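Topology and contacts: notes
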Amino acid sequence: MSGSSNVGMHVDHAVDEDPQRLAEFEAKIEGGGLIEVDDWMPRAYRSGMLKMAEHQRIQVCQIENVPVVRFSDRKILDELIIQELGQELFALVEDEDCSNLLLNFTNVEFLSSAALGKLISLHKKVERASGTLKLSNIRPEIFEVFRITRLNEKFNIKDDQETALAEFAGAG
């Protein structure tokens, strides 16, 4: 994660809400100062920053009790982006107990073979969690790659998000 080395997470509960330290911290931020690794940081800032960092590559919303994932990047080609994307998707299943997932590819224009590998790994994780993974809104040129590699037979791919959500609702 870029920039994360400038953010400290030092916890000092005894002074966590000390008004003087809070004022000093806010003055440092307003003055454009860097936050060093060993700097004290108020709880409100720590929790807000952690939430912001949770998902950089995806946006997740619950629709009809199904986590719907949209991709932030239009081009999923770079190895670093693919690694971060994989970590965020895997965390949904492993850490946030999302056994059912809908991946909406509306924003995605390009997808590398390495990204396909991450999707295969995600599919296995979802299956191990006794869940269902569905993909939707895949552009024809990207779907062609799924077809050529026969991944369209492995993945449950729907034309649109509404159809996929209706299937989730029918299964429940």
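Calculation notes
Residues numbered from 1 in each chain as written. Predicted model: local features only at pLDDT ≥ 70, side-chain atom pairs only at ≥ 80, totals over all residues. Heavy atoms only, no water. Helix = DSSP H or I, 4+ residues; strand = E, 2+ residues; numbered from the N terminus. Areas by Shrake-Rupley, 256 points an atom, 1.4 Å probe, with all protein chains shown as cover. Buried < 20%, exposed > 50% of the residue type's maximum accessible area, 1.4 Å probe, protein only. Contact = heavy atoms within 4.5 Å. Polar contact = N/O pair within 3.5 Å; in protein donor to acceptor, adjacent residues only side chain to side chain. Salt bridge = Lys/Arg side-chain N within 4 Å of Asp/Glu carboxyl O. pLDDT = per-residue confidence, 0-100. Axes fitted to C-alpha atoms, helices over the stretch in contact; angles between N-to-C directions. Parallel < 35°, antiparallel > 145°, perpendicular 65-115°, else oblique. Nonpolar A, V, L, I, M, F, W, Y, C, P; charged D, E, K, R; others polar. Pairing = 2+ DSSP bridges.

**Regarding the overall build of the protein chain**
Looking only at helices and strands, the protein chain features 7 helices and 7 strands. In the protein chain, the succession of helices and strands from N to C terminus is α-α-β-β-β-α-β-β-α-β-α-α-β-α. With an accessible surface of roughly 10000 Å², the protein chain has 50% of that area assigned to carbon and sulfur atoms.

**What to know about the environment of E167**
Along the chain, the position of E167 falls in helix α7 (residues 161-171). For E167, a relative accessible area of 31% gives the class partly exposed. Sequence spacing of E167 and K134 is 33 residues, and the spatial spacing of their C-alpha atoms is 9.5 Å. The residues contacting E167, other than those within four sequence positions of it, are K134, N156 and K158. For E167, the side chain forms a polar contact with the side chain of K158, separated by 2.9 Å.

**Comments concerning the side chain of N104**
On the secondary structure map, N104 appears in strand β4 (residues 101-104). In terms of polar contacts, N104 uses its side chain to reach the side chain of T106, at 2.5 Å.

**What to know about the pattern of salt bridges**
Where charged atoms of side chains with opposite charge meet at close range, the side chains can pair. Scanning all chains against the criterion turns up 8 salt bridges. Here R57 and D73 are joined by a salt bridge, their closest N and O atoms 3.1 Å apart. Taken together, the residues R57 in the loop between α2 (43-54) and β1 (58-63) and D73 in the loop between β2 (66-71) and β3 (75-76) connect sequence positions 16 residues apart. Assessed through its relative accessible area of 17%, R57 is described here as buried.

**Section: the confidence of the model for the protein chain**
Confidence along the protein chain averages 81 in pLDDT terms, with 71% of residues attaining 70 or more. Below a pLDDT of 50 lies the segment residues 1-16, which in the model reaches 36 contacts outside its immediate sequence neighbourhood of four places, other chains included. With pLDDT under 50 throughout, residues 46-53 is counted as low confidence; its partners more than four residues away or in other chains account for 9 contacts.

**Regarding the packing of helix α3 (residues 79-94) against helix α4 (residues 113-128)**
Viewed as axis vectors pointing N to C, α3 and α4 meet at an angle of 10°, and their least axial separation amounts to 10 Å. Viewed along their axes, α3 and α4 adopt a mutual orientation that is roughly parallel. Only A114, A115, K118, S121, L122, K125 and V126 of α4 make contact with α3, whose side of the interface consists of E79, I82, Q83, G86, L89, F90, V93 and E94. Here the residues of the contact of α3 with α4 sort into 8 nonpolar, 3 polar and 4 charged.

**Concerning unusual backbone geometry**
Note: most peptide bonds trans; most residues except glycine with negative phi. For N65, which is not glycine, the phi torsion reads 65° and is therefore positive. With phi around 65°, R150 is a residue other than glycine that occupies positive phi space.

**Here we look at the pairing of β2**
Burial runs high along β2: 5 of the 6 residues are buried. Alignment of β1 against β2, held across 6 bridges, turns out to be antiparallel. Opposite I63, over in β2, you have V66 as the bridge partner. Hairpin geometry of β1 and β2 is characterised by an intervening segment of 2 residues between the two adjacent antiparallel strands and by a positive phi of about 50° at E64.

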